[in-house]
Amino acid sequence: MTSGPDRRFWLRAGLTAILGAGVAACDKLTQSPQVNQVLDGAQTWNRRLHGLLVGSRALAREYEASAISVDFRANGTTSPDSDDYQKHVASGFADWRLQIGGLVERPLSLSLSDLKAAPSRSQITRHDCVEGWSAIAQWKGARLGAILERAGLKPQARYLAFFCADTLEMTLDGTGDYYETIGVEDAFHPQTLLAYEMNHQPLPVAHGAPIRLRLERQLGYKMAKYVMRIEAVESFANLGRGKGGYWEDRGYQWYAGI
Ligand SMILES: Nc1nc2c(c(=O)[nH]1)N[C@H]1C(S)=C(S)[C@@H](COP(=O)(O)O)O[C@H]1N2
Ligand SMILES: [Mo]
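Residues numbered from 1 in each chain as written. Chains lettered and ligands numbered in written order. Predicted model: local features only at pLDDT ≥ 70, side-chain atom pairs only at ≥ 80, totals over all residues. Heavy atoms only, no water.

Asks: Tell me about the packing of aromatic side chains, residues and numbers included.
Replies: Tallying each qualifying case throughout the model produces twelve aromatic pairs. Centre to centre, the rings of F72 and W139 are 5.8 Å apart; their planes meet at 85°, and the pair counts as edge-to-face. Here F72 is found in the loop between α4 (47-54) and α5 (83-90), whereas its partner W139 is found in strand β4 (residues 134-143), with 67 residues between them in sequence. This pair shows no difference in class: F72 is buried, exactly as W139 is. Geometrically, the ring pair formed by Y85 and Y226 is edge-to-face, given 5.4 Å between the ring centres and 85° between the ring planes. Placement of the pair is Y85 in helix α5 and Y226 in the loop between β9 (212-214) and β10 (227-233), with a sequence separation of 141 residues. Assessed through its relative accessible area of 2%, Y85 is described here as buried. On the basis of relative accessible area, Y226 is assigned to the buried category, the value being 1%. Here the aromatic cluster, defined as three or more aromatic residues joined through ring pairs, consists of Y178, Y221, Y246, W247 and Y252. Directly above the aromatic system of F163 lies the positively charged group of R229, at a separation of 4.1 Å from the ring centroid. Cation over ring: R250 sits above Y246, and NZ or CZ is 3.7 Å from the ring centre. (Phe/Tyr/Trp six-rings, centres within 6.5 Å; stacked < 30°, edge-to-face > 60°. Helix = DSSP H or I, 4+ residues; strand = E, 2+ residues; numbered from the N terminus. Buried < 20%, exposed > 50% of the residue type's maximum accessible area, 1.4 Å probe, protein only. Lys NZ or Arg CZ within 6 Å of the ring centre and 35° of its normal.)

Asks: Could you give an account of the pairing of β4, with specific residues and numbers?
Replies: Buried residues dominate β4, accounting for eight of its ten residues. In terms of strand pairing, strand β3 (residues 120-128) meets β4 through nine bridges, oriented antiparallel. Paired with I124 across the two strands is Q138, which belongs to β4. Joining the antiparallel neighbours β3 and β4 is a turn of five residues, in which G132 adopts a positive phi near 105°. Pairing between β4 and strand β7 (residues 193-198): five bridges, direction antiparallel. (Pairing = 2+ DSSP bridges.)

Asks: Outline the pairing of strand β1 (residues 98-102), listing residues and values.
Replies: Bridging between β1 and strand β2 (residues 108-110) involves three bridges; their strand directions are antiparallel. Along β2, the bridge assignment pairs Q99 with S109. The pairing of β1 with β10 spans four bridges and is classified as parallel. By the bridge assignment for β10, Q99 is matched with R229.

Asks: Which residues make up unusual backbone geometry, and what are the values?
Replies: Most of the time, phi is negative for any residue but glycine, and the peptide bond is trans. Of note, the bond from A209 into P210 is cis; its omega dihedral lies within 30 degrees of zero at 0°. The residue P210 is located in the loop between β8 (201-202) and β9 in this model. For N199, which is not glycine, the phi dihedral falls at a positive 50°. Residue position: N199 is located in the loop between β7 and β8. Residue N199 is classed as partly exposed on the basis of its relative accessible area of 25%.

Here's what the structure looks like:
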């Protein structure tokens with residue numbers, strides 16, 4: 001999973017995204033094993049810098065197929081009731097597009113088949129909800145880092161904001177719409193996916209069709225379902241009520257590490 005070439009791909013992706021286009025020379029450097037060794041060594045004396053360069057690489061635990069839960073509870077919204085969303089369900093998401101914008105060089109509008117054609121990963125992981133239940137499933141999806149590399153993050157981009165199709169709480173000012181934000185480093189982690197498959201089937205509506213975020217080293221509420229739009233932002237202060245997510249706005253931690 002963290003084989004040499006794959007790791008260097010992510011290293012390059014991280015460098016290109018974080019430092020911008022002016023690092024073509026560095027890009028060559030990161031292909032050399034010696035430089036990777038130096039960067040690995042750097043982790044011991046400056047974990048934070050290394051984290052910024054490659055995305056903190058520790059993988060969440062992965063399981064055997066036999067560990068997959070027979071019953072994976074669906075939590076929160078299980079079918080967004082907007083007309084728009086229900087039309088997409090009826091047409092099998094044929095005209096659905098994921099919008100990627102904000103602080104990017106090249107805004108993208110991706111169909112489900114575009115996402116399925118992007119570099120992908122499959123993983124069997126445990127989902128932990130803050131309410132105290134866990135379940136294991138197989139997830140496959142496009143690696144968010146590869147998508148972001150295609151869009152080209154501008155240097156000011158510090159967070160990725162995910163806007164969902166569901167409104168969990170009816171509020172007049174729209175702050176009841178589900179949204180989430182994650183840091184750029186976490187976006188480039190190899191297990192961070194825009195998942196379109198669960199247990200080898202198309203992602204069910206109850207679990208976030210057509211795509212949901214998988215962010216395996218954090219709690220369930222970070223993993224936005226029904227993602228319609230992703231925006232690269234410098235700050236989340238003026239999204240929702242300013243705390244970085246629907247549940248964060250209601251008191252949960254922004255960094256929900258496990
Ligand atoms: N759009 C959206 N995303 C969401 C939620 C939600 O209600 N709406 N619930 C969150 C919570 S608290 C959890 S535990 C997981 C539940 O995912 P599941 O339905 O696949 O179990 O999704 C998270 N993402
Ligand atoms: Mo949750």
